[in-house]
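Chain by chain, the residues run as shown.
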Amino acid sequence: CGPRIMLNTQDRLSGWCDALEQANLTVREEWIFSTEYTRQGGYEATLRMLKGKRPRALFASNELQAFGCLRALAEHRLIVPDDVALVCFNATQQSLFNVPSLTAVRQPIDKMAQTAIEILRTWSGKAQEREFEFELQIGESCGCGLEQS
């Protein structure tokens with residue numbers, strides 16, 4: 001996950017823990033590695049993770065962290081997804097051109113930007129909140145079979 005002091009990290013971590021609990025899986029604090037939202041952060045967190053028992057799957061809080069994970073896994077001769085599956089949050093179009101292509105939860109950035117502009121255009125001085133649906137983009141990194149997006 002990203003830096004724990006950041007609200008988006010807290011939200012993503014909370015959602016991940018909720019999903020594990022709903023699937024009757026145990027949340028294990030020792031499997032959560034906080035780091036920066038960067039390639040280097042993902043790389044370093046994966047190296048720390050590899051010092052313990054190797055998991056079957058990883059979830060990175062963003063695409064840059066996932067790219068760092070891929071580098072660290074490759075250096076340890078681990079093949080994604082054969083040895084370790086990988087999924088990330090907040091992917092861009094770049095994830096489609098990575099090898100393996102990343103499986104990712106994608107936010108509707110265009111719709112979010114349009115909504116923000118509309119809120120500003122009609123600003124009433126009061127805070128407004130909007131929710132958006134996310135999309136799971138299946139890539140090669142999860143080992144689930146590739147679907148076109």
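Caption draft 1: Representation of the pairing of strand β3 (residues 103-106). Burial along β3 is two-sided: Thr103 and Val105 facing one way and Ala104 and Arg106 facing the other are all buried. Where strand β2 (residues 85-89) meets β3, three bridges bridge the pair, whose relative direction is parallel. What sits directly across from phenylalanine 89, in β3, is valine 105. Judged from the three bridges that link them, β3 and strand β4 (residues 135-137) form a sheet pairing that is antiparallel. Paired with arginine 106 across the strands is glutamate 135, a residue of β4.

Caption draft 2: Representation of the packing of helix α2 (residues 39-50) against helix α3 (residues 63-75). α3 packs onto α2 with a crossing angle of 45° between their chain directions and a minimal axis gap of 6 Å. Classified by the angle their axes make, α2 and α3 are oblique. Every pair of crossing elements has a handedness; the one defined by α2 and α3 is right-handed. On α3, the residues touching Arg39, Gly42, Tyr43, Thr46, Leu47 and Leu50 of α2 are Leu64, Gln65, Phe67, Gly68, Cys69, Arg71, Ala72, Leu73 and Glu75.

Caption draft 3: Expanded view of the sheet that holds β2. Across the sheet, which stays open at both edges, the four strands sit in the order β1-β2-β3-β4 with mixed pairing between neighbours. Each edge of the sheet is formed by a strand with only one pairing partner; in this case those strands are β1 (57-60) and β4. On average, each strand axis in the sheet is tilted by 15° relative to the strand beside it, whichever way the strands run. Relative to β2, β1 runs parallel, the two sharing four bridges. Its bridge partner lying in β2, phenylalanine 59 is registered against valine 87.

Caption draft 4: Examining unusual backbone geometry more closely. Of the consecutive residues valine 80 and proline 81, the connecting peptide bond is found in the cis state with omega at 10°. Within the secondary structure, proline 81 sits in the loop between α3 and β2. Looking along the chain, the bond that leaves valine 99 and enters proline 100 is cis, with omega of 0°. Note on placement: proline 100 falls in the loop between α4 (94-97) and β3.

The rules we used
- Residues numbered from 1 in each chain as written.
- Predicted model: local features only at pLDDT ≥ 70, side-chain atom pairs only at ≥ 80, totals over all residues.
- Heavy atoms only, no water.
- Buried < 20%, exposed > 50% of the residue type's maximum accessible area, 1.4 Å probe, protein only.
- Helix = DSSP H or I, 4+ residues; strand = E, 2+ residues; numbered from the N terminus.
- Pairing = 2+ DSSP bridges.
- Axes fitted to C-alpha atoms, helices over the stretch in contact; angles between N-to-C directions.
- Parallel < 35°, antiparallel > 145°, perpendicular 65-115°, else oblique.
- Left-handed = near helix turned anticlockwise from the far one by under 90°.
- Contact = heavy atoms within 4.5 Å.

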